[in-house]
Amino acid sequence: MQIGVVYPQTELAPDPVTVRAYVRGVEQLGFRHILAYDHVVGADPAFYPGWEGPYDVDTTFHEPFVMFGFMAAETRLELVTGILITPQRQTALIAKQAAEVDILTEGRFRLGIGVGWNRVEYESLGQNFHTRGRRQEEQIGLLRRLWTERSVEHDGEFDRIEGAGIAPLPVQRPIPIWMGGASEAAYRRAGRLADGFFHMTSPGEPLSQALEHVAAGASLAGRDPGSIGIEGRIQAGEHAARHADKWRGAGASHLTINTMGGGHEGVGGHLKALELTAKAIPL
């Protein structure tokens, strides 16, 4: 089971010195990947009475492709988006940016994607919130073609490309696409289309039910459910080893450790929490 960390973007200073210190510290501790969340804009609660989202206009998010370009020069770790909200972005541009990160990391990149939940963000980016699921399904096939074919012709519901392609192509052809979500539709979509899935549930009955939906989607597409990677997420702390064992027993291929929300201060505080976790969990 490959173990990595969530970049604590909401709790660290947004400057290059901080990013560099954190990345180098994580690598020295022996973790294998860094996962970054994605949001382009946050809603101002003053304009949306009763706003109850988990983040707003004051919550800090790095742009993952740009940050990964910086990180690629600092580390040999795998870099992972977890998740990039693809339906609110231009598909060809995603393909180009992802390919560049894959090149700069020498193939140590996973593109984790999802449909998101924030209507305000979709509107700010000029995209249709209500067709996001259908659009993502079309995007997945087109992304893989753009990463493996010199010239692409595609005439779909949402994207149209006439004899065009990206250069240079990525190292991984295609780049692994992982998916995230917490709905039956997301699980089944992953079973049909994804290389792996970021599970937001816990080992036990909730995970078993999710995996059943993934397997059902895979069966419909003639795929082997066992070929779809499983990534869990746990909180750093005194119970981390026990939770990691549960994910290992559930067959997880990957696990990510989160330090946000633990009261840690600065890079030093987050790295100390990861150091304690690394001592308790075999990396």
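Please refer to the structure higher up on the page.
Residues numbered from 1 in each chain as written. Predicted model: local features only at pLDDT ≥ 70, side-chain atom pairs only at ≥ 80, totals over all residues. Heavy atoms only, no water.

**Q** Could you clarify how one ought to interpret a nonpolar patch on the surface in this entry?
**A** On the surface, V40, V41 and L125 cluster together into a nonpolar patch covering about 190 Å² of accessible area. In this structure, L125 sits in the loop between α4 (119-124) and α5 (132-148). The exposure class of L125 is partly exposed, given its relative accessible area of 31%. (Patch = residues over 30% accessible without salt bridge, like charges linked within 9 Å, V, L, I, M, F, W, Y side chains within 5 Å. Areas by Shrake-Rupley, 256 points an atom, 1.4 Å probe, with all protein chains shown as cover. Salt bridge = Lys/Arg side-chain N within 4 Å of Asp/Glu carboxyl O. Helix = DSSP H or I, 4+ residues; strand = E, 2+ residues; numbered from the N terminus. Buried < 20%, exposed > 50% of the residue type's maximum accessible area, 1.4 Å probe, protein only.)

**Q** Help me out: how do you make sense of the packing of aromatic side chains in this one?
**A** Given two aromatic rings, their pairing is described by the distance between the two centres and the angle made by the two planes. Counted according to the given criterion, the structure contains 10 aromatic pairs. Ring geometry for Y7 against Y22: centres 5.1 Å apart, planes inclined by 85°, an arrangement best described as edge-to-face. Here Y22 lies in helix α1 (residues 16-29) and Y7 lies in the loop between β1 (2-6) and α1, a separation of 15 residues in the sequence. An identical accessibility class is assigned to Y7 and Y22; each is buried. (Phe/Tyr/Trp six-rings, centres within 6.5 Å; stacked < 30°, edge-to-face > 60°.)

**Q** Explain unusual backbone geometry to me, please; I cannot follow it from the model alone.
**A** Glycine aside, the phi torsion of most residues is negative, and most peptide linkages are trans. Following A167, the chain continues to P168 via a peptide bond in cis, the omega torsion being 5°. Non-glycine residue E106 carries a positive phi angle of around 60°. Tracing the chain through its elements places E106 in the loop between α3 (91-104) and β4 (109-114).

**Q** Would you explain the sheet that holds strand β9 (residues 229-235) in this entry?
**A** Spatially, the 8 strands close up into a barrel ordered β1-β2-β3-β4-β7-β8-β9-β10, and their pairing is parallel. Direction aside, the axes of adjacent strands within the sheet are offset by 25° on average. Looking at chain direction, β1 and strand β10 (residues 254-258) are connected through 4 bridges and run parallel. Bridging from a neighbouring strand, Q2 pairs with H254 of β10. Contacts from helix α6 (residues 184-193) reach β7 (177-181) and β8 (196-199), with the element oriented near 170° to β7. Helix α8 (residues 240-249) contacts β1, β8, β9 and β10 of the sheet and is inclined by roughly 165° relative to β9. (Pairing = 2+ DSSP bridges. Axes fitted to C-alpha atoms, helices over the stretch in contact; angles between N-to-C directions. Contact = heavy atoms within 4.5 Å.)

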